[in-house]
Amino acid sequence: MPKVLGFATFIVLAVTVSNTMAADFPDFASLPSRPELPDPLVMLDGSKVTTAADWNTKRKPELKALFQHYMYGYLPPKPQKWTVEEVSFSDDAFLDGKATLSESRLAFFGPELKHRLHVLLVLPNKRSGPAPVFVGMNFCGNHALASHPQIHIPESWVYKSCAGSENERATAKGRGAQADVWNLDLIIERGYGLACFYSGDLDPDTADFSDGIEPAFYKPGQTAPTPTDPGAIATWAWGYHRVVDFLVEKHAQAIDVNRIAAVGHSRNGKTTLLAAALDERIALAIPHQAGCGGTAPDRVAIDRKDVETIRRINTVFPHWFCDNFPLFNEAPDKLPFDQHCLLALCAPRPVLYSNAVEDQWANPDGQFEMLKGADPVYRLLGSTGLEAKEKPELSKLLNGKLGYYIRPGKHSMDREDWGVFLDYADKQLGSGKR
Ligand code: GCU
């Protein structure tokens with residue numbers, strides 16, 4: 001069989017397998033209550049997974065489909081066609097000549113799709129080989145990362161809380177306002193690159209899907225999402241995948257395609273974990289302070305007020321997940337998985353859960369339990385997994401395949417966090433300066 005035909009057949013089979021599985025998934029009423037954490041190494045039909053081959057060919061596809069079916073919605077397909085429509089600028093004198101900053105406008109095309117995404121790319125000028133690179137999604141627009149006058153300012157909705165936001169639109173006053181969140185100088189100094197995009201380029205974080213790309217994937221005649229259509233987090237994860245396409249297909253000379261790391265804070269961290277779980281081109285993931293709906297367990301007592309519950313998240317952010325997910329608001333114990341299974345989908349790749357003491361809302365203790373829960377899958381695949389039984393001391397990085405870090409302070413992403421992310425990536429992927 002010619003190679004191309006073989007690959008096409010594989011894609012058709014893969015899509016058919018996941019659709020057949022989804023059609024077989026029980027409806028909410030038929031799901032049993034399972035107050036304990038579901039075993040990641042037991043299939044939905046109760047059969048045990050004892051080999052890496054069974055994990056890879058049976059349980060992994062099943063879990064990917066389960067998460068999309070009941071929680072996040074199915075990610076849209078890769079666009080039929082995409083192009084770099086324009087490289088709007090490229091400045092090799094950035095950071096006193098230590099880095100090249102450029103921005104590219106990607107355009108995606110499909111039967112109903114015509115959409116644009118701006119990707120800001122910063123790469124070290126001095127490098128001995130292709131640079132490892134982080135892919136990140138930002139909250140306020142690419143222009144917030146550096147006060148460079150040529151970076152695109154989003155035209156779409158932005159959060160009121162973003163510096164320079166006027167009537168929920170970004171302005172030039174926000175240029176460079178998040179420089180201390182992204183710390184480009186530090187990333188460059190350590191030999192890494194960063195490719196960054198704004199979530200609102202794909203779907204602004206409002207309850208309204210009509211301003212995002214989702215409707216471009218509706219079936220003819222469809223006017224609203226079905227229960228398994230993607231929520232915002234799945235759409236944003238699709239964005240991470242498109243930026244990985246961009247790096248792999250257009251920048252394979254400059255960047256190391258085997259050392260692509262994904263990073264994101266909070267809701268963007270939930271997205272980071274989902275993106276990594278569904279795309280093995282992502283070699284390492286740092287879902288920073290992600291919490292409920294990402295790194296923290298779904299199974300928490302529904303009346304807890306100290307940590308976020310799925311009832312609370314679905315009430316306050318009804319557009320983040322698919323419409324099947326709120327069915328579990330009062331019964332998280334009926335979910336056929338918990339978030340350790342999403343983490344297990346990243347195995348044996350390194351994943352760091354980083355947290356802050358004053359950010360109990362993100363349930364840092366529960367997150368450590370998720371690392372424990374994913375460990376058997378890492379071990380089955382021959383990885384060292386979680387190398388501790390207890391959380392590490394404050395500000396001490398547990399630098400293993402399943403990594404953990406908790407520092408004093410609040411819900412934020414700062415320079416100290418980036419120092420830790422880079423130490424983690426250096427050990428797990430090989431130094432940025434090797
Ligand atoms: C809220 C939300 C969290 C989310 C956070 C953020 O606090 O409840 O789930 O992680 O916003 O994205 O900053």
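Student: Whenever I open this one, the environment of Arg 59 confuses me. Can you help?
Tutor: Mapping Arg 59 onto the fold places it in helix α2 (residues 52-72). By relative accessible area, which is 2% here, Arg 59 ends up buried. Between the C-alpha atoms of Arg 59 and Leu 345, which are 286 residues apart in sequence, the distance is 9.3 Å. Setting aside residues up to four positions removed in sequence, Arg 59 forms contacts with Asp 39, Pro 40, Val 42, Met 43, Leu 44, Val 49, Asp 54 and Leu 66. Separated by 2.7 Å, the side chain of Arg 59 and the backbone oxygen of Pro 40 make a polar contact.

Student: Would you explain the pairing of strand β9 (residues 402-407) in this entry?
Tutor: In regular strands, side chains alternate between the two faces of the sheet. Most of β9 sits inside the fold, with six of its six residues counted as buried. The alternating pattern of β9 places Leu 402, Tyr 404 and Ile 406 on one face and Gly 403, Tyr 405 and Arg 407 on the opposite face, and all of these are buried. Here six bridges tie strand β8 (residues 351-356) to β9, and the two strands are oriented parallel to one another. Paired with Ser 354 across the strands is Tyr 405, a residue of β9. At this point the chain moves from β8, through helix α10 (residues 364-380), to the parallel β9, and the crossover so formed is right-handed.

Student: Even after reading the chapter, I still don't get the site of the ligand, so can you show me in this structure?
Tutor: Around the ligand, the neighbouring residues are Ser 266, Arg 267, Lys 270, Ala 290, Glu 308, Ile 313, Phe 317, Trp 320, Trp 361 and His 411. Within the side chain of Glu 308, an N or O atom sits 2.6 Å from an oxygen atom of the ligand. Interatomic distance of 3.1 Å between a side-chain N/O atom of His 411 and an oxygen atom of the ligand. Coverage of the ligand by the protein amounts to 83% of the 320 Å² it exposes when considered alone.

Student: I keep staring at the state of the cysteines and nothing clicks. Help me out?
Tutor: What we call a disulfide is simply a covalent bond connecting the sulfur atoms of a pair of cysteines. Applying the stated criterion to the full structure yields one disulfide. Here Cys 140 pairs with Cys 162 through a disulfide, and the sulfurs are 2.1 Å apart. Disulfide Cys 140 to Cys 162: torsion about the S-S bond roughly -80 degrees, handedness left-handed. Of this pair, Cys 140 sits in the loop between β4 (131-138) and α4 (179-182) while Cys 162 sits in the loop between β4 and α4, and the two are 22 residues apart along the sequence. Taking relative accessible area as the criterion, Cys 140 reaches 8% and is therefore assigned buried. Residue class for Cys 162 comes out buried when judged on its relative accessible area of 6%. The thiol sulfur of Cys 292 is not disulfide-bonded, and the nearest other cysteine sulfur, from Cys 322, lies at 14 Å. Left without a disulfide partner, Cys 341 is nearest to the cysteine sulfur of Cys 346, which lies 12 Å away. On the basis of relative accessible area, Cys 341 is assigned to the buried category, the value being 0%.

Student: Looking at this model, I keep getting lost on the nonpolar core. Mind explaining?
Tutor: The nonpolar side chains of a soluble globular protein tend to be buried, and buried together. Residues Phe 67, Tyr 72, Leu 247, Leu 274, Phe 337 and Leu 343 are the most contacted members of the largest nonpolar core, which totals 83 residues. Of all the elements, helix α6 (residues 232-250) adds the most residues to this core, at eleven residues. Apart from residues lying up to four places away in sequence, Phe 67 is in contact with Tyr 72, Gly 73, Phe 337, Asp 338, Gln 339, Cys 341, Leu 342 and Leu 345. Counting 34 residues, the second-largest nonpolar core is a separate cluster that includes Trp 182, Ala 261, Val 420 and Ala 425.

Student: Is there a simple way to think about the packing of α6 against helix α7 (residues 267-278) in this case?
Tutor: For any two helices packed against each other, the geometry comes down to the angle between their axes and how far apart the axes lie. At their nearest, the axes of α6 and α7 sit 8 Å apart, and the two run at 60 degrees to each other. Between α6 and α7, the angle is such that the two are oblique. Between α6 and α7 the crossing geometry is right-handed. Between α6 and α7, the contacting residues are Ile 233, Ala 234, Trp 236, Ala 237, Tyr 240 and His 241 on the first element and Arg 267, Asn 268, Lys 270, Thr 271, Thr 272, Leu 274, Ala 275 and Leu 278 on the second.

Student: Sorry, what's going on with the packing of aromatic side chains here?
Tutor: One pair of aromatic rings is described through two measures. These are the centre distance and the angle between the planes. In total, this model carries 18 aromatic pairs according to the counting rule given. The interplanar angle of 80 degrees and the centroid separation of 5.1 Å between the aromatic rings of Phe 134 and Trp 418 together place this pair among those described as edge-to-face. With Phe 134 in strand β4 and Trp 418 in helix α11 (residues 415-429), this pair connects stretches of sequence that are 284 residues apart. Ring centres of Phe 368 and Tyr 404 lie 5.3 Å apart, and the angle between their planes is 85 degrees; on these two criteria the pair is classed as edge-to-face. One end of the pair, Phe 368, is in helix α10; the other, Tyr 404, is in strand β9, and 36 residues separate them in sequence. Here the two residues Phe 368 and Tyr 404 agree in accessibility, since each one is buried. Put simply, the rings of Phe 67, Tyr 72, Phe 321, Phe 325 and Phe 337 touch in pairs and so form one group of aromatic residues.

Student: Would you explain the environment of Arg 127 in this entry?
Tutor: Its place among the elements puts Arg 127 in the loop between β3 (114-124) and β4. For the pair Arg 127 and Pro 111, spaced 16 residues apart in sequence, the C-alpha separation works out to 41 Å. Engagement of the side chain of Arg 127 in a polar contact is seen with the backbone oxygen of Pro 124, the distance being 2.6 Å.

Cut-offs applied
Residues numbered from 1 in each chain as written. Predicted model: local features only at pLDDT ≥ 70, side-chain atom pairs only at ≥ 80, totals over all residues. Heavy atoms only, no water. Helix = DSSP H or I, 4+ residues; strand = E, 2+ residues; numbered from the N terminus. Buried < 20%, exposed > 50% of the residue type's maximum accessible area, 1.4 Å probe, protein only. Contact = heavy atoms within 4.5 Å. Polar contact = N/O pair within 3.5 Å; in protein donor to acceptor, adjacent residues only side chain to side chain. Pairing = 2+ DSSP bridges. Right-handed = clockwise from strand over helix to strand, strands pointing away. Near = heavy atom within 4 Å. Areas by Shrake-Rupley, 256 points an atom, 1.4 Å probe, with all protein chains shown as cover. Disulfide = S-S within 2.5 Å. Core = buried A, V, L, I, M, F, W, Y, C linked by side-chain atoms within 4.5 Å. Axes fitted to C-alpha atoms, helices over the stretch in contact; angles between N-to-C directions. Parallel < 35°, antiparallel > 145°, perpendicular 65-115°, else oblique. Left-handed = near helix turned anticlockwise from the far one by under 90°. Phe/Tyr/Trp six-rings, centres within 6.5 Å; stacked < 30°, edge-to-face > 60°.

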